Amino acid sequence: MKIICIGRNYADHAIELKNDLPEYPLFFLKPDTALLNKSKEFYLPDFTKNLHYECEIVVRINRVGKNIQEKFASNYYNEIGLGIDFTARDLQDECKQKGLPWEKAKAFDNSAPIGDYFIQKNELDLSNMSFRLFKNDKQVQFGETKNMIFSIDSIIAYVSQFITLKVGDLIYTGTPAGVGPVNIGDHLIGYIEDKKMLELTIK
Ligand code: MG
């Protein structure tokens, strides 16, 4: 499986990082070794001094598809989860400055934690649902899918022009404003609406 991540999909987050708003979905990949599931612990890597959480709605692909039309995209997923796109912001800033790829800042081992729970898509209003992240019991991120620049279905249509989607692939759909650093001992809890989806302690 592979992990496809969308960048700058919420205007408030693009602005907080001083990025332009995208004209089409910006995506990058994380390998399967980035996935962290069935663990409630994340070990802070020593190659970064500024590791940021980015809480994101995640879509699990359940059919193989290529060149998927937007109007059929919802046939390619059933389950919605919540994940963190961990980002070594210091390394990413350096890569951006030099015009280099982001992989070492984004695709490292365990950089894509995902909660154990997935919700069936028909139990949610995908175009208008909220999600939030708490760090040490304080709410640090709040997002609403109505503020996505590109909808889940338009992301699937766009990305599948270039890359075949396969069963089990995960799409991290972008983060809202409020990203920030984590340090050893921090405790993260994420919700979709009122459902606890994800819990992680930084070690
Ligand atoms: Mg992200």
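Calculation rules
- Residues numbered from 1 in each chain as written.
- Predicted model: local features only at pLDDT ≥ 70, side-chain atom pairs only at ≥ 80, totals over all residues.
- Heavy atoms only, no water.
- Helix = DSSP H or I, 4+ residues; strand = E, 2+ residues; numbered from the N terminus.
- Rg over C-alpha atoms; globule rule 2.2 N^0.38 Å.
- Buried < 20%, exposed > 50% of the residue type's maximum accessible area, 1.4 Å probe, protein only.
- Contact = heavy atoms within 4.5 Å.
- Areas by Shrake-Rupley, 256 points an atom, 1.4 Å probe, with all protein chains shown as cover.
- Lys, Arg positive; Asp, Glu negative; His and termini not counted.
- Charge placed at Lys NZ, Arg CZ, Asp CG, Glu CD.
- Donors = N, O, S within 2.8 Å, 3.2 Å for Na, K, Ca; no water.
- 1 Å grid on protein atoms, 1.4 Å probe; cavity = no way out; pocket = protein on both sides within 12 Å on 5 of 7 lines; lining within 4 Å.
- Points joined across faces, edges and corners; volume = space filled by probe spheres on them.

(A) Main features of the overall build of the protein. Looking only at helices and strands, the protein features 4 helices and 16 strands. Its C-alpha radius of gyration of 16 Å places the protein within 12% of the 17 Å reference for a compact globule of 203 residues. By principal-axis analysis of the C-alpha atoms, the protein measures approximately 45 × 40 × 30 Å. Going through the 203 residues of the protein one by one, you find that 51% of them count as buried. Contacts spanning at least 24 positions in sequence make up 77% of the contacts within the protein whose residues lie at least 6 apart. Counting only carbon and sulfur atoms, one obtains 48% of the accessible surface of the protein, whose full area is about 9600 Å². In the protein, 25 positive and 28 negative side-chain charges are present, and the distance between their average locations comes to 2 Å.

(B) Molecular detail of the coordination of the magnesium ion. The protein atoms donating to the magnesium ion are Glu-54 (OE), Glu-56 (OE) and Asp-85 (OD), with metal-donor distances spanning 2.0 to 2.1 Å. Along the chain, the residues that donate to the magnesium ion are spaced as E-x1-E-x28-D. Pair noted here: Glu-54 is in the loop between strand 5 (51-53) and strand 6 (55-61) and Asp-85 is in the loop between strand 7 (77-84) and strand 8 (87-88), with a separation of 31 residues, a long-range link.

(C) Highlighting the layout of surface pockets. In this structure, the largest pocket encloses a volume near 160 Å³. Every residue along the wall of the largest pocket is listed here: Met-1, Leu-35, Asn-37, Lys-38, Arg-60, Ile-114, Gly-115, Asp-116, Phe-118, Gly-168 and Leu-170.

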